[in-house]
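# Fold and contact review
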Amino acid sequence: MDQELLKLFTKLKVLGKKQGLDLDILSLSSDRQYAAVSLRKLSNADDPDLVAAAIEAMDRLGLLNQPADKSREEEPPKDKYIHTLR
């Protein structure tokens, strides 16, 4: 972990504590799902500095460009024609 990311996590921990969310820095850096859930919560805060830091952390961790959840995609019905009639 680089120094800038460590400083960002520290800022998130301090600002998050003021919002009532206690972040675990170790889990934030090693558990991708924990990071995604925690940073999403922080990004909905009222503090603009906290929101900006959360979005920056999400970007640096590669959480902003995640592909959409494939389970949410609807599959076309298999018993109906999808294209033109034959």
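This write-up is about the structure you can find in this document. From a predicted model like this one, the values you see are computed outputs, not experimental measurements. (Residues numbered from 1 in each chain as written. Predicted model: local features only at pLDDT ≥ 70, side-chain atom pairs only at ≥ 80, totals over all residues. Heavy atoms only, no water.)

## Looking at the nonpolar core
Note that soluble globular proteins tend to have their nonpolar side chains buried in a common cluster. Among the nonpolar cores identified, the biggest contains 19 residues, and Leu12, Leu39 and Leu42 are the most heavily contacted of them. Elements with a contribution of two residues or more to this core: α1 (3-18), α3 (32-42) and α4 (48-60). Aside from chain neighbours lying at most four places away, what touches Leu39 is Leu12, Leu28, Ala54, Ala57, Met58, Leu61 and Leu63. (Core = buried A, V, L, I, M, F, W, Y, C linked by side-chain atoms within 4.5 Å. Buried < 20%, exposed > 50% of the residue type's maximum accessible area, 1.4 Å probe, protein only. Helix = DSSP H or I, 4+ residues; strand = E, 2+ residues; numbered from the N terminus. Contact = heavy atoms within 4.5 Å.)

## Here we look at the packing of α1 against α4
Running from amino to carboxyl end, α1 crosses α4 at an angle of 140°, the nearest separation of the two axes being 10 Å. When the interaxial angle is binned, α1 and α4 end up oblique. In the packing of α1 onto α4, the handedness of the crossing is left-handed. Residues Glu4, Leu5, Leu8, Phe9, Lys11, Leu12, Leu15 and Gly16 of α1 touch α4, and the partners they reach there are Asp49, Leu50, Ala53, Ala54, Glu56, Ala57 and Arg60. Split by residue class, the contact of α1 with α4 holds 9 nonpolar, 1 polar and 5 charged. (Axes fitted to C-alpha atoms, helices over the stretch in contact; angles between N-to-C directions. Parallel < 35°, antiparallel > 145°, perpendicular 65-115°, else oblique. Left-handed = near helix turned anticlockwise from the far one by under 90°. Nonpolar A, V, L, I, M, F, W, Y, C, P; charged D, E, K, R; others polar.)

## Considering the pattern of salt bridges
Under the counting rule described, the total for this entry stands at 3 salt bridges. Arg60 serves as the salt-bridge partner of Asp2, at 3.0 Å between the closest nitrogen and oxygen. Placement of the pair is Asp2 in the segment before α1 and Arg60 in helix α4, with a sequence separation of 58 residues. Residue classification places Asp2 among the partly exposed positions, given a relative accessible area of 39%. When the shortest N-O distance is used, the salt bridge between Lys13 and Asp22 registers 3.0 Å. Accessibility expressed as a relative area gives 28% for Lys13, which makes it partly exposed. (Salt bridge = Lys/Arg side-chain N within 4 Å of Asp/Glu carboxyl O.)

## Some points on the environment of Leu28
Tracing the backbone shows Leu28 in helix α2 (residues 25-30). Between the C-alpha atoms of Leu28 and Phe9, which are 19 residues apart in sequence, the distance is 8.1 Å. Leaving out residues up to four positions away in the same chain, Leu28 has contacts with Phe9, Leu23, Tyr34, Ala35, Ser38, Leu39 and Leu61.

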